[in-house]
Amino acid sequence: MKQKLLILLSIFSLASHAQQLAFQDMVVYNDSPNSATSTSLEYGDIDNDGDLDLLVARIRISPSCDASVHIQENLGNGTFNNQIPIRVTALPCTANLNDAKFLDFNNDGNLDIIIAENTGNAFSDNTELLIYQGNGNGSFSNAISVDTFNTSIANLNVADFNGDGYDDIIRTSPVGPSPVIYYYENNGVGGYNNSAIMFNGNPNDAGFSDLDIVDLDNDGLIDIVASTLNVNVFNPVDRIIWLKGDGNGNITGSSQDLLVVNNPRPIKVKIADINNDGDFDLVYTSSGNSFNWSLGDNNLNFSTEQSISNIGSNSIPIRGLSSGDIDQDGFIDFIIGVSHWSTDRIDILNNNYGSSNPGFNLSNVSQLPDEPQIVKVVDIDNDTDLDILSQSETNVELLWHQTSITQSNGVDIYFSEYIEGSGTNKALEIANFTGGSVDLSNYSLRLGFNGNPFGTAIDFPTGAMIADSDVYVIANSGLSASCQPEQDFVSNPATNFNGNDAIGLFKNGVLIDIIGTEGNSSNFAQNVTLVRDPSVSEPTTTFDINQWITYTQDDCSRIGSHTQTLSISNFDNETLKFYPNPTNGVINIDNNSNIQEITISDLSGINHKVELDSNQIDISHLSSGIYFLNFTVNGNTLIKKIVKK
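All of these numbers come straight from a predicted model, not from anything done at the bench. (Residues numbered from 1 in each chain as written. Predicted model: local features only at pLDDT ≥ 70, side-chain atom pairs only at ≥ 80, totals over all residues. Heavy atoms only, no water.)

**Describing the overall build of the protein**
Within the protein one finds 1 helix and 49 strands. The 645 residues of the protein split such that 54% are buried. By sequence separation, contacts in the protein at least 24 residues apart represent 53% of the contacts at least 6 residues apart. Just so you have it, the protein exposes about 25,900 Å², and 44% of that area is on carbon and sulfur atoms. (Helix = DSSP H or I, 4+ residues; strand = E, 2+ residues; numbered from the N terminus. Buried < 20%, exposed > 50% of the residue type's maximum accessible area, 1.4 Å probe, protein only. Contact = heavy atoms within 4.5 Å. Areas by Shrake-Rupley, 256 points an atom, 1.4 Å probe, with all protein chains shown as cover.)

And the structure:
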């Protein structure tokens with residue numbers, strides 16, 4: 001049946017330092033009023049139509065006990081075919097559907113599905129690994145059994161662990177001392193070899209809470225990063241460890257500790273390049289509802305942990321963790337599912353390592369009716385914006401948080417000059433490079449004197465406008481006579497500032513640009529004229545003196561006009577062309593004379609340098625998936641999404 005997406009009543013918006021994000025919540029699937037628990041959410045193109053479909057797995061305990069794996073087929077027009085069944089099994093109410101994943105086990109180019117189904121009862125466990133072979137048109141053949149064993153599993157992962165081009169499988173043992181990772185090697189002829197032990201854990205470890213599959217040491221071989229839980233539940237010393245792969249499906253030597261974690265305990269773990277220095281960093285969420293990160297160097301040494309704590313309820317851990325450059329500023333962001341006794345929600349941790357205030361800002365994306373068990377970041381509607389998918393723990397509600405982004409380069413006005421002269425020789429200038437005239441009725445100025453918070457809004461005169469590529473000058477009545485012809489608005493309250501007073505430009509009551517720092521009384525610009533550097537093309541809520549050129553006191557010779565260097569958006573729209581997209585590997589780039597550097601990053605934020613050769617770059621060595629091309633143009637960075645087939 002075709003199911004239209006239900007638009008929820010609320011639309012949440014989020015302003016970042018470089019973009020304006022908005023999220024619209026839509027219900028893809030809801031199993032209510034049944035009592036059910038979600039176990040898996042994956043995405044992939046099962047019918048080769050270019051749209052990402054969704055794989056949903058859940059167990060139901062009311063009104064009957066069963067397990068279900070089904071597909072939400074993406075029709076590409078904002079609708080999904082609802083609940084195309086892959087496997088529905090009546091199970092004992094004590095049983096479990098551990099996991100389900102996409103893979104291509106026979107390398108035919110069509111996605112297959114692997115399921116870990118536990119049919120045990122209160123007295124014994126019995127788990128079977130089953131593969132459903134995809135036919136490339138959205139249908140699947142009967143199940144192929146890979147293995148059966150008498151335990152449940154904690155994690156199921158798919159990757160090419162031995163570098164032969166075929167998808168292998170690993171699974172981890174359930175909670176218990178000396179956890180084990182089992183390896184199933186793809187035999188290359190449509191099947192798997194018997195399980196082999198890839199790694200035997202420490203007797204002091206009670207299990208793996210999470211795994212991340214990554215080439216941690218950049219040697220071209222797949223490794224595993226795992227968060228381990230100590231057997232001592234009262235005073236645990238948990239670890240995040242590195243299991244170095246040898247390229248043959250084995251672990252080289254013993255595990256190496258990357259980080260020792262004292263209470264609270266690690267729940268989800270990810271490896272990503274947070275600060276874009278080319279080295280891997282470590283991220284994990286904890287049982288104490290904190291988001292934690294540690295920066296790494298090229299020797300895999302990790303710095304002291306930094307944290308944002310008290311997110312949600314202390315008794316319910318952050319279970320969902322995903323990553324992606326959701327605001328398209330070139331830095332990897334993180335999305336978490338937060339549970340609280342009164343409020344369940346999806347939060348974004350915006351990466352500010354590209355600013356003068358490195359770290360993360362926590363912002364709410366959506367309020368939810370139930371605990372978010374799983375979150376994913378993916379462009380589900382092919383509009384080049386990364387969206388968020390969330391699946392609740394109970395009632396298995398699957399939400400699509402559709403993202404829309406307004407790029408900030410040229411999207412808003414900003415301060416372009418500041419005159420703090422002798423006496424009342426003072427003025428401010430605002431520049432407009434948005435591509436159109438701007439009505440100032442939605443804007444205001446506020447001043448924060450001597451380290452105090454911003455005061456009352458000072459509005460612009462009725463009908464005040466700034467033409468595109470023009471400026472607007474706010475002057476004190478004492479402005480130097482030679483510069484008074486440039487003034488547009490004489491306002492002593494707006495220009496009654498000294499060199500230690502913060503000045504804010506607000507839009508609809510929200511700060512968009514600032515001179516100085518609110519709450520700080522230090523002299524930052526006393527008896528000087530400041531002109532915004534021509535390379536600055538957007539407002540910022542964090543003052544950076546390096547964005548300004550300093551001139552002598554009472555110099556107003558530049559007031560009334562401002563220069564901005566060629567913006568990236570203009571360069572992009574007018575000259576830079578790249579094709580084809582999607583690509584099998586080779587990308588053609590036209591009009592590339594201004595490109596200084598090209599890198600490519602995946603959804604985990606891992607950067608790979610590529611070479612521009614005869615107007616082409618070759619990414620055929622990369623796995624299929626979504627990547628971001630990062631062009632350095634005129635000292636700025638332009639980011640474009642590319643799909644590798």
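**Remarks on the side chain of Lys244**
Locating Lys244 in the fold gives a position in the loop between β18 (237–243) and β19 (256–262). One polar contact links Lys244 to Asp217, side chain to side chain, over a distance of 2.5 Å. (Polar contact = N/O pair within 3.5 Å; in protein donor to acceptor, adjacent residues only side chain to side chain.)

**What about the state of the cysteines?**
Under the criterion given, the structure shown has 1 disulfide. Bridging Cys483 to Cys556, the disulfide has an S-S length of 1.8 Å. The sign of the S-S torsion, about 85 degrees, decides the handedness of the disulfide formed by Cys483 and Cys556: right-handed. Of this pair, Cys483 sits in the loop between β37 (470–475) and β38 (489–490) while Cys556 sits in the loop between β42 (548–551) and α1 (568–574); the two residues are 73 residues apart in sequence, bridging distant segments of the chain. (Disulfide = S-S within 2.5 Å.)

**Points about the sheet that holds strand β25 (residues 333–338)**
Ordered in space as β24-β25-β26-β27, the 4 strands form an open sheet in which the pairing is antiparallel. Two strands lie at the open edges of the sheet, namely β24 (320–324) and β27 (360–368), each paired on one side alone. Each neighbouring strand pair of the sheet contributes to a mean axis angle of 20 degrees, computed without reference to strand direction. (Pairing = 2+ DSSP bridges. Axes fitted to C-alpha atoms, helices over the stretch in contact; angles between N-to-C directions.)

**Let's talk about a negative patch on the surface**
There is a patch of like negative charges on the surface, built from Asp468, Asp470, Glu486 and Asp488. Here Asp470 is to be found in strand β37. Residue class for Asp470 comes out partly exposed when judged on its relative accessible area of 34%. (Patch = residues over 30% accessible without salt bridge, like charges linked within 9 Å, V, L, I, M, F, W, Y side chains within 5 Å. Salt bridge = Lys/Arg side-chain N within 4 Å of Asp/Glu carboxyl O. Lys, Arg positive; Asp, Glu negative; His and termini not counted. Charge placed at Lys NZ, Arg CZ, Asp CG, Glu CD.)

**A short note on the packing of aromatic side chains**
Summed over the entire model, instances satisfying the criterion amount to 17 aromatic pairs. Ring geometry for Phe291 versus Phe360: centroids 5.3 Å apart, planes at 75 degrees, classification edge-to-face. Taken together, the positions of Phe291 in strand β22 (residues 291–294) and Phe360 in strand β27 put the pair 69 residues apart, joining distant regions of the chain. One exposure class covers both Phe291 and Phe360, and it is buried. An aromatic cluster is present here, built from Phe291, Trp293, Phe334, Tyr353 and Phe360 joined pairwise through their rings. A cation over a ring is seen here: Arg446 above Phe506, with NZ or CZ 4.8 Å from the ring centre. Above the plane of the ring of Tyr551 lies Arg558, whose end atom (NZ or CZ) is 3.5 Å from the centre. (Phe/Tyr/Trp six-rings, centres within 6.5 Å; stacked < 30°, edge-to-face > 60°. Lys NZ or Arg CZ within 6 Å of the ring centre and 35° of its normal.)

**Observations concerning the sheet that holds strand β35 (residues 458–459)**
Backbone-to-backbone hydrogen bonds pair the strands of a sheet. The strands run either parallel or antiparallel. Taken together, 4 strands build an open sheet; the order of strands is β35-β34-β39-β40 and the sheet is antiparallel. Looking at which strands have only one partner, the edges of the open sheet turn out to be β35 and β40 (510–515).

**Here's the deal with the environment of Ile474**
On the secondary structure map, Ile474 appears in strand β37. Note on Ile474: relative accessible area 0%, which makes it buried. Put simply, Ile474 and Glu486 are 12 residues apart on the chain and 9.2 Å apart in space, counted from C-alpha to C-alpha. Beyond its immediate stretch of four places on either side in the chain, Ile474 contacts Ala427, Leu428, Ile430, Leu445, Phe460, Phe489, Ser491, Ala494 and Thr495.

**As for the pairing of strand β21 (residues 281–286)**
The buried count for β21 comes to 6 of 6 residues, which makes it a mostly enclosed element. Where strand β20 (residues 266–272) meets β21, 6 bridges bridge the pair, whose relative direction is antiparallel. The partner of Pro266 across the bridge, within β21, is Ser286. Sheet topology places β21 next to β22; 4 bridges connect them, and they run antiparallel. Bridge assignment links Tyr284 to a residue of β22, and that residue is Asn292. Where β21 folds back onto β22 in an antiparallel hairpin, the turn is made up of 4 residues, including Asn289, whose phi is positive at roughly 60 degrees.

**Quick look at the pattern of salt bridges**
Think of it this way: side chains of opposite charge can pair up when their charged atoms draw near. All told, the structure shown has 14 salt bridges when counted by the stated rule. Notably, a salt bridge pairs Glu42 with Lys376, separated by 3.6 Å at the nearest N-O pair. Highlighted residues: Glu42 in strand β4 (residues 35–44) and Lys376 in strand β28 (residues 372–378), separated in sequence by 334 residues. A salt bridge links Arg239 to Asp205; the shortest N-O distance between them is 2.4 Å. Residue Arg239 is found in strand β18, and its partner Asp205 is found in strand β16 (residues 205–214); the two are separated by 34 residues along the sequence.

**Details of the confidence of the model for the protein**
A residue-level look at the protein finds 86% of positions with pLDDT of 70 or above and a mean pLDDT of 84. Predicted confidence in the protein is weakest over strand β1 (residues 2–4), with a mean pLDDT of 33, and strongest over strand β31 (residues 414–420), with 97. Note on residues 1–18: pLDDT is under 50 here. Beyond four places in sequence and across chains, it has 62 contacts. For residues 566–574, every residue scores under 50 in pLDDT, and the model assigns this stretch 16 contacts once sequence neighbours within four places are set aside. (pLDDT = per-residue confidence, 0-100.)

**Examining the nonpolar core**
Residues Phe415, Leu428, Ile430, Leu440, Leu445, Phe460 and Ile474 are the most contacted members of the largest nonpolar core, which totals 32 residues. Elements that contribute at least two residues to this core include exactly β31, β32 (426–432), β34 (443–448), β37, β39 (502–507) and β40. Here this core takes 4 residues from β39, the largest share from any one element. When neighbours within four sequence positions are excluded, Ile430 is seen to be in contact with Ile413, Tyr414, Phe415, Ser416, Leu445, Phe460, Ile466, Asp470, Val471, Tyr472, Ile474 and Leu505. Counting 18 residues, the second-largest nonpolar core is a separate cluster that includes Ile274, Phe291, Ile308 and Ile336. (Core = buried A, V, L, I, M, F, W, Y, C linked by side-chain atoms within 4.5 Å.)

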